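Structural overview
Here's the letter readout for the chains.
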Amino acid sequence: MADERNWTSFNAGKMFYHIDRWKSIVPGRPCPPPALITVDPSNTCNLACEWCNAWKVRKNMRQLSRQALINAADFFAGWKSSDKKYGVGAVCIAGGGEPLTNPHVGEFIERLHADNIKSATVSNGLLLDRFFEPLLHNEYVALSVDAGTSKTFNKYKGLPQDSKAFDKIIGNIEQLCRLSRSRNCRLNADSPSNGVNYRMLIYKDNIGEIYEAAKIVRELGCKNFHIRPASVPFDGQISFSYTKDELDEFRHQIDLVNRMPERRFGFYYTLGKFDENFKKKNDFCHCYGIFMTATLMPPNQEGHPDGYCLNVCCDRRSDPLVRLLTNADDISEIARAWGSKKHWDIFRALTQNEIQNRCPRCTYYTHNKIYENCIEDNKDNLLLDFI
């Protein structure tokens, strides 16, 4: 399974599929819609992760209304570039808060499916059992469990020591895995990238539990196990770094999982956005990522019940600097704002100094490196035509 990640969604090479789309990201020209949009259905959460990168957003305990979600699904399906060549291909349902605290998420997934928009859901898993049927339409369901034992889970999720939440989540995952295998559905598609994905953010005490978590993944029948280092969030609620002993233990745990007998799941660890000490890289000069994706969020407290906000950076959800729309209620306003002067003003505000010193680890690091080396100023550092 040495080259298993080469042909999965974890391969950053898929970015090159979008190069022609991204070449249209030019001031004064119509900007193509993003291929992927993240939707935060809810700012409320039933856990309190110590490393949460949305803790400030969660103070605004609002949700996207049913009407806002349905409007969004239909709008995404119809939003096309001026030449009709490009549109929104996928929606990642995440947060913000825990997306499944919004009771309308199931209907939203079904509407996306009806509109031929691919979807995926990132959840903590506590409420999975309320949405089993619609979740079968997802390409993948990623469960942010972040632990291999109940003790560590409770410690980092803000729960009492005797909480049974971990057991509840494991039971929910097992049921979803079993149900998906029994159906002809997107979640059970014949692809190494589709399926139920057990996720683990690596954060201090849980490093030594990677192999224990892997054994759980094998028992549950999950398709994939994905780990990556937690990173210091934008809002600076916490600050941490990894010791040499912790980094050595990480490598030891990786080796144990790679040598695991009868491992029937894909094992992926995302390290390319970090240096050898798990500190952010962010070694690019401009953020073109803000034209490649967006995050639809609930309105602020004073916003209309069917309103929404639109951020152009998922890593800085709470930051008004990257807020393209605030408390809008007409969903088509997104198309008019996309690529507008305000959008480019945000781009110019994200200076190299801002990116390197204030931005957290960049989710769209690879996007920006590709633009910088293969598109910006007509560069072609890879000689792309020489295949």
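Below is a summary of the structure that appears in this document. Note that the structure is a prediction, hence the values are computed from the model and not measured.

**Details of the pairing of strand 9 (residues 308-311)**
Along strand 9, one buried face is formed by Y308 and L310 and the opposite face, lined by C309 and N311, is buried too. Sheet topology places strand 8 (residues 293-297) next to strand 9; three bridges connect them, and they run antiparallel. Paired with T295 across the two strands is N311, which belongs to strand 9. Pairing geometry for strand 9 and strand 10 (residues 323-328), over three bridges, is antiparallel. Paired with Y308 across the bridge in strand 10 is A328.

**A closer look at the nonpolar core**
Among the nonpolar cores identified, the biggest contains 111 residues, and F76, I173, Y198, F225 and L296 are the most heavily contacted of them. Counting residues per element, this core draws most heavily on helix 6 (residues 165-181), at eight residues. Apart from residues no more than four positions distant in its own chain, L296 is found in contact with T38, V39, D40, L64, A72, F76, Y308, C309, L310, I331 and I334. Grouped together as the second largest cluster of nonpolar side chains are six residues, A54, W55, V57 and C309 included.

**Re helix 3 (residues 105-114)**
Residues of helix 3 that are buried include every one of V105, G106, F108, I109 and L112, and no others. For helix 3, the angular spread of the buried residues around the axis is 160 degrees, confining them to a single face. N116 sits one or two positions beyond helix 3 and adopts a positive phi of about 60 degrees.

**Topic: the environment of I25**
Topologically, I25 is positioned in the loop between helix 1 (19-22) and strand 1 (36-39). The residues touching I25, leaving out its near neighbours within four places in the chain, are C31, Y288, F291, M292, W344 and Y371.

**Focus on the environment of D83**
If you trace the backbone, D83 turns up in the loop between helix 2 (66-78) and strand 2 (90-93). By relative accessible area, D83 is classed as partly exposed at 49%. Measuring from C-alpha to C-alpha, the distance between D83 and W51 comes to 42 Å, with 32 residues separating the pair along the chain. Reaching out from D83, the side chain makes a polar contact with the side chain of S81 at a distance of 2.5 Å. Within the structure, D83 has its side chain in polar contact with the backbone nitrogen of K85 (distance 3.0 Å).

**Side note on the packing of helix 7 (residues 210-220) against helix 8 (residues 244-258)**
Where helix 7 contacts helix 8, the two axes come as close as 8 Å, and the packing angle between them is 25 degrees. The angle between helix 7 and helix 8 places the two elements in the roughly parallel class. The element helix 7 and its partner helix 8 pack so that their crossing is right-handed. On the side of helix 7, the interface is formed by I210, Y211 and A214, while helix 8 contributes F250, Q253, L256 and V257. For the contact of helix 7 with helix 8, the per-class residue count stands at six nonpolar, one polar and no charged.

**Considering helix 2**
The end-to-end C-alpha separation of helix 2 is 19 Å, in line with the 18 Å expected for 13 residues at 1.5 Å each. Buried within helix 2 are the following residues: A68, L69, I70, A72, A73, F75 and F76. Looking at the buried residues of helix 2, the elements they touch are strand 1, strand 2, helix 3, strand 8 and helix 9 (333-337).

**Side note on the pattern of salt bridges**
Per the stated rule, a full pass over the model turns up 24 salt bridges. Ionic pairing is found between D74 and R111, a salt bridge with its closest N-O pair at 2.8 Å. Taken together, the positions of D74 in helix 2 and R111 in helix 3 put the pair 37 residues apart, joining distant regions of the chain. Judged by relative accessible area, D74 falls into the partly exposed class, the value being 31%. In this structure R111 comes out as partly exposed when scored by relative accessible area, which is 32%. A salt bridge links R183 to E133; its shortest N-O distance comes to 2.8 Å. On the criterion of sequence distance, the pair formed by R183 in the loop between helix 6 and strand 5 (195-202) and E133 in helix 4 (residues 132-135) is long-range, its members being 50 residues apart. The class of R183 is partly exposed, set by a relative accessible area of 34%. Connected through salt bridges with shared partners, the residues R316, D319, E354 and R358 form a single ionic network.

What counts as what
Residues numbered from 1 in each chain as written. Predicted model: local features only at pLDDT ≥ 70, side-chain atom pairs only at ≥ 80, totals over all residues. Heavy atoms only, no water. Buried < 20%, exposed > 50% of the residue type's maximum accessible area, 1.4 Å probe, protein only. Helix = DSSP H or I, 4+ residues; strand = E, 2+ residues; numbered from the N terminus. Pairing = 2+ DSSP bridges. Core = buried A, V, L, I, M, F, W, Y, C linked by side-chain atoms within 4.5 Å. Contact = heavy atoms within 4.5 Å. Arc of directions from axis to C-beta. Polar contact = N/O pair within 3.5 Å; in protein donor to acceptor, adjacent residues only side chain to side chain. Axes fitted to C-alpha atoms, helices over the stretch in contact; angles between N-to-C directions. Parallel < 35°, antiparallel > 145°, perpendicular 65-115°, else oblique. Left-handed = near helix turned anticlockwise from the far one by under 90°. Nonpolar A, V, L, I, M, F, W, Y, C, P; charged D, E, K, R; others polar. Expected span 1.5 Å × (residues − 1). Salt bridge = Lys/Arg side-chain N within 4 Å of Asp/Glu carboxyl O.

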